[in-house]
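Report on the structure
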Amino acid sequence: MVNNKTKIRIMKLHLFGILITSLIISCSSDSTTQEEIENEIAENCSSDQVIDKSRGVCSETLAYAPVFSENISGTTRIITTNNIPNHKVGVFGNVQGAINPNAISEQSETYAITTAPEIAPQLTPLLNASGSFPQAGPQYEFGILLNGVVLDPIAAEPFPHQGAMSASANWEWNLEATNVKIGLDCNNAHVQPTGKYHYHGSPTLFLEVLNAPENQMTLIGYAADGFPIYYKYAYENATDNSSPIVPMNSSYQLKEGNRPGDGITAPCDVYNGLYSNDYEFIEGHGTLDEANGRTGITPEYPNGTYYYILTDNFPNIPRYFRGTPSQDFKFGPS
């Protein structure tokens, strides 16, 4: 039986295919000579370069009222939400000026998250880059904010853009959602075919609603593994709450040179941020670890905890879990 999360995932894949196909030139090869193959590779390597960070204007006030509740039962945090944001959004649906064909609708979601998270022996990625769909592809949403809207940074558009369920799908090279035109509004968010609104990047207007000052740490939500999520700012000295509050920076940077692909089975040309794999983690390059987090004290956790940070630079929303994620955030069967 196909459950709702599986249906959402399949429709999500279909949505990305529709929006991206018109922007990316798919690669195919029916060459019969080495010269023709080389010519095709050269052409493909110069065509698969569509960077578009445009955003829709957030001018719409939703008719739905946000519903959000948070309760603690034992060591479980239970969040119930209709997934309606508490801020204006872009124009969505089948109307003039829409940036995305799907209209927002109320959802009925309940998420159970541990209040006693622990560091796991190894990182859990949001994206499985090995194999074929459904074993490969987006595996988890990252977490949920305190307005009941999920953080879901992973696109579902692997090279060579012939469909996520294609036998040739190369998930190692997956388009970076915030760097291609997929109908995001000013909140770096858009809508799945099910009507579910979700963030692919920093939730701009939600942060304005919080009115968070730059001189304090601001809790904005919880990751699927139970560790807290903060926006951008933290104590300079992770274990000293009297140290200055400063912006945190990820330890990822854009790779130098050209991608190693042939333009047919994997992308080539320069690393420019079109793909998530255009970035690499450099230990100590920034203030955060590979999961875009660190261990330290926070206003809510004076005895210390591991916590994640949403940063202005890639990956913005973390792509790994330090702990064990709740299966309520998993796509497909649990």
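Description of the pattern of salt bridges
As enumerated under the stated definition, the model contains seven salt bridges in all. Put simply, glutamate 70 and arginine 77 hold a salt bridge, and the shortest N to O gap is 2.6 Å. When its relative accessible area of 32% is taken as the criterion, glutamate 70 is described as partly exposed. Relative accessible area serves as the criterion here: at 8%, arginine 77 is assigned to the buried category. One salt bridge in this structure joins aspartate 289 and arginine 322, with 3.2 Å as the shortest N-O distance. Taken together, the residues span a long stretch of sequence, with aspartate 289 in the loop between strand S18 (279-281) and strand S19 (293-296) and arginine 322 in the segment after strand S21 (320-321) at a distance of 33 residues. Taking relative accessible area as the criterion, aspartate 289 reaches 16% and is therefore assigned buried.

So, the packing of aromatic side chains
A full pass over the atoms with the stated rule returns 16 aromatic pairs. Plain terms: the ring middles of tyrosine 197 and tyrosine 199 are 5.8 Å apart, the flat faces sit at 75 degrees to each other, and that makes the pair edge-to-face. Note on accessibility: tyrosine 197 and tyrosine 199 belong to one class, buried. Aromatic pair phenylalanine 227 and tyrosine 308: ring centres 6.5 Å apart, planes at 70 degrees, arrangement edge-to-face. Residue phenylalanine 227 is found in the loop between strand S13 (219-223) and strand S14 (228-231), and its partner tyrosine 308 is found in strand S20 (residues 305-310); the two are separated by 81 residues along the sequence. Through successive ring pairs, a cluster of aromatic residues spans Tyr140, Phe142, Phe227, Tyr306, Tyr308 and Phe321. In this arrangement the basic side chain of arginine 77 is found over the ring face of tyrosine 222, its NZ or CZ atom lying 3.7 Å from the centre. Of note, lysine 330 hangs over the ring of tyrosine 140, and the distance from its end group to the ring centre comes to 5.0 Å.

Considerations on the sheet that holds S19
Read from one edge of the open sheet, eight strands run S11-S12-S8-S7-S13-S14-S20-S19, paired in mixed fashion. Whereas interior strands pair on both sides, the edge strands pair on one side only; in this sheet they are strand S11 (189-191) and S19.

Considerations on unusual backbone geometry
Glycine aside, the phi torsion of most residues is negative, and most peptide linkages are trans. Residue proline 160 follows phenylalanine 159 across a cis peptide bond; omega there is 10 degrees. Looking at the element boundaries, proline 160 is found in the loop between strand S9 (158-159) and strand S10 (170-174). Here the residue pair phenylalanine 314 and proline 315 is connected by a cis peptide bond, since its omega of 10 degrees sits within 30 degrees of zero. Counting through the fold element by element, proline 315 comes out in the loop between S20 and S21. One non-glycine residue, asparagine 292, adopts positive backbone phi at about 60 degrees. Owing to a relative accessible area of 0%, asparagine 292 belongs among the buried residues under this scheme.

What about the sheet that holds strand S2 (residues 76-81)?
The three strands are arranged S1-S2-S3 in an open sheet whose pairing can be described as antiparallel. Looking at strand neighbours, the two that pair on one side only are strand S1 (68-73) and strand S3 (109-114), the edges of this open sheet. Neighbour-to-neighbour, the strand axes of the sheet open up by a mean angle of 20 degrees, direction not taken into account.

About the thresholds
Residues numbered from 1 in each chain as written. Predicted model: local features only at pLDDT ≥ 70, side-chain atom pairs only at ≥ 80, totals over all residues. Heavy atoms only, no water. Salt bridge = Lys/Arg side-chain N within 4 Å of Asp/Glu carboxyl O. Buried < 20%, exposed > 50% of the residue type's maximum accessible area, 1.4 Å probe, protein only. Helix = DSSP H or I, 4+ residues; strand = E, 2+ residues; numbered from the N terminus. Phe/Tyr/Trp six-rings, centres within 6.5 Å; stacked < 30°, edge-to-face > 60°. Lys NZ or Arg CZ within 6 Å of the ring centre and 35° of its normal. Pairing = 2+ DSSP bridges. Axes fitted to C-alpha atoms, helices over the stretch in contact; angles between N-to-C directions.

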